[in-house]
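Here's the letter readout for the chains.
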Amino acid sequence: MREIVADQNLIAACGLYCGACRKYLRGRCAGCRTNEKATWCGVRSCCLQHGYKSCADCADFSDVKDCKKYNNWIARVFGLIFRSNRAACMG
């Protein structure tokens, strides 16, 4: 069986793994951490503002699902599209 090694620098602020994204793999996206065009992402902006690597570092919420920036309809759509349980990534 092949072992998959994840690059922790490719974990987005919201918990998605940029290293598995087609746009990233094709060189069309720099990934969450270095993508200056991703100003639309409230989760990324919040993490940058507070100096967090991801929502997992936030002490304001005991459950990331309680955060309105993290748990909104856009985030749920992203989770559905990418078939990702982002909240589980924060645990």
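Parameters and conventions
- Residues numbered from 1 in each chain as written.
- Predicted model: local features only at pLDDT ≥ 70, side-chain atom pairs only at ≥ 80, totals over all residues.
- Heavy atoms only, no water.
- Helix = DSSP H or I, 4+ residues; strand = E, 2+ residues; numbered from the N terminus.
- Buried < 20%, exposed > 50% of the residue type's maximum accessible area, 1.4 Å probe, protein only.
- Contact = heavy atoms within 4.5 Å.
- Areas by Shrake-Rupley, 256 points an atom, 1.4 Å probe, with all protein chains shown as cover.
- Arc of directions from axis to C-beta.
- Patch = residues over 30% accessible without salt bridge, like charges linked within 9 Å, V, L, I, M, F, W, Y side chains within 5 Å.
- Salt bridge = Lys/Arg side-chain N within 4 Å of Asp/Glu carboxyl O.
- Lys, Arg positive; Asp, Glu negative; His and termini not counted.
- Charge placed at Lys NZ, Arg CZ, Asp CG, Glu CD.

Draft legend 1. View of the overall build of the protein. Within the protein one finds four helices and zero strands. Walking the protein from its N terminus toward its C terminus, one meets helices and strands in the order α-α-α-α. A burial count over the protein gives 31% of its 91 residues as buried. In the protein, 39% of the contacts between residues at least 6 apart in sequence involve partners at least 24 apart. Just so you have it, the protein exposes about 7,000 Å², and 54% of that area is on carbon and sulfur atoms.

Draft legend 2. Spotlight on helix α2 (residues 42-50). Looking only at α2, the buried set comprises Val 43, Arg 44, Cys 46 and Cys 47. The arc that holds the buried residues of α2, viewed along the axis, is 165 degrees, so those residues lie on one side. Across from the buried face of α2, at angles greater than 90 degrees, the exposed residues are Leu 48 and Gln 49.

Draft legend 3. Structural context of the environment of Ala 20. One can find Ala 20 in the segment before α1 (22-25). Taking the C-alpha atoms as reference, Ala 20 lies 9.3 Å from Ala 6; in sequence the two are 14 residues apart.

Draft legend 4. Summary view of a positive patch on the surface. Taken together, the side chains of Arg 22, Lys 23, Arg 26, Arg 28, Lys 37 and Arg 83 make up a positively charged region of the molecular surface. Mapped onto the secondary structure, Arg 26 falls in the loop between α1 and α2.

Draft legend 5. Spatial organisation of a nonpolar patch on the surface. Side chains of Trp 40, Trp 73, Ile 74, Val 77, Ile 81 and Phe 82 sit close together on the surface and give an oily, nonpolar patch of about 680 Å² of accessible area. Within the secondary structure layout, Trp 73 lies in helix α3 (residues 73-81). The class of Trp 73 is exposed, set by a relative accessible area of 60%.

Draft legend 6. Structural detail: the environment of Leu 16. Structurally, Leu 16 can be placed in the segment before α1. Among the residues examined, Leu 16 registers a relative accessible area of 13% and is labelled buried. Apart from the residues lying within four places of it in its own chain, the contact partners of Leu 16 are Leu 10, Ile 11, Phe 78, Phe 82, Ser 84 and Arg 86.

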